[in-house]
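What the coordinates show
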Amino acid sequence: MSIPALIIRDLVKVYENDLVAINGINLKVEQGDFFALLGPNGAGKSSIIGVLSSLVRKTDGEVSILGYDIDKDFNLAKKLIGIVPQEVNCNMFEKVENILISAAGYYGIPKDSAIPRVHFYLKRLGLWEKRRDISKSLSGGMKRRLMIARALIHQPELLILDEPTAGVDI
């Protein structure tokens, strides 16, 4: 029996203005599953992703990523996830290829090992011809694919997409 990719138990997030963004969510996602979290704007979906990525501090509850508790083993847990944010959040004046090489470096991947991986994802996601362009020049769909490549560069076990259909072309 494999360890679940994600377990969330009684997750709560209350912001300083007493806004309850997450109210006791429980969720289990098995490895290999495709899971979508649906709900209206303001339902707490992005807050949950924020907790998983360490951008939002939870108020209460437990979260584990592939068996690693985010309170006890967050550095190990974080290495196992790739997150595609809702918004494009990279240096818009940096070359596409360099954005991915830098992202690999954040995960301790040496440049000589990162370059073949970067080339693989650029080709796989249809960005090869744009690799030397600054990211600002990319179309919206290409920027989104760049964010996906960046989330995949360290080959995470769990991929999370915030607003996965926003700006994605076929």
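Residues numbered from 1 in each chain as written. Predicted model: local features only at pLDDT ≥ 70, side-chain atom pairs only at ≥ 80, totals over all residues. Heavy atoms only, no water.

1. Things to note about the packing of aromatic side chains
- Enumeration according to the criterion identifies 1 aromatic pair in this entry.
- It is lysine 123 that lies over the ring of tryptophan 128; its NZ or CZ is 4.6 Å from the centre.
- In this structure, arginine 131 packs its charged tip against the face of tryptophan 128, placed 3.8 Å from the ring centre. (Phe/Tyr/Trp six-rings, centres within 6.5 Å; stacked < 30°, edge-to-face > 60°. Lys NZ or Arg CZ within 6 Å of the ring centre and 35° of its normal.)

2. So, the sheet that holds strand 1 (residues 6–14)
- Taking strand neighbours across the sheet as the criterion, the 4 strands line up as 2-1-3-4 in an open arrangement whose pairing is antiparallel. Each end of this open sheet is capped by a strand with a single partner; those strands are strand 2 (20–29) and strand 4 (68–69).
- In the sheet, strand 3 (residues 60–65) pairs with strand 4 via 2 bridges, with the strands oriented antiparallel. Bridging across to strand 4, serine 64 finds its partner in aspartate 69. (Pairing = 2+ DSSP bridges. Helix = DSSP H or I, 4+ residues; strand = E, 2+ residues; numbered from the N terminus.)

3. Observations regarding the nonpolar core
- Counting 24 residues, the largest nonpolar core has Leu100, Val118, Leu122, Leu146 and Ile153 as the members making the most contacts within it.
- Within the residue set of this core, elements represented by two or more residues are helix 3 (96–106), helix 4 (111–124) and helix 5 (140–152).
- With 7 residues, helix 5 is the single largest residue contributor to this core.
- What leucine 100 contacts, discounting residues up to four positions off in sequence, is Val118, Leu122, Leu146, Ala149, Arg150 and Ile153. (Core = buried A, V, L, I, M, F, W, Y, C linked by side-chain atoms within 4.5 Å. Buried < 20%, exposed > 50% of the residue type's maximum accessible area, 1.4 Å probe, protein only. Contact = heavy atoms within 4.5 Å.)

4. Let's talk about the packing of helix 3 against helix 5
- Interaxial distance between helix 3 and helix 5 falls to 9 Å at its minimum, and their mutual angle equals 25°. Considering the angle they form, helix 3 stands roughly parallel to helix 5. Considering how the two elements wind past one another, helix 3 and helix 5 form a crossing that is right-handed. When helix 3 is examined against helix 5, the residues Val96, Ile99, Leu100 and Ala103 are found in contact with a partner set consisting of Leu146, Ala149 and Arg150. (Axes fitted to C-alpha atoms, helices over the stretch in contact; angles between N-to-C directions. Parallel < 35°, antiparallel > 145°, perpendicular 65-115°, else oblique. Left-handed = near helix turned anticlockwise from the far one by under 90°.)

5. Some details on the pattern of salt bridges
- Under the definition given, this model contains 4 salt bridges.
- Residue lysine 28 is joined to glutamate 30 by a salt bridge in which the shortest nitrogen-to-oxygen separation is 3.6 Å.
- For glutamate 30, a relative accessible area of 27% translates into the label partly exposed.
- As a salt-bridge pair, lysine 130 and aspartate 133 come within 4.0 Å of each other at their nearest N and O atoms.
- A residue is classified by how much of its surface remains accessible, and aspartate 133, at 26% relative accessible area, is partly exposed. (Salt bridge = Lys/Arg side-chain N within 4 Å of Asp/Glu carboxyl O.)

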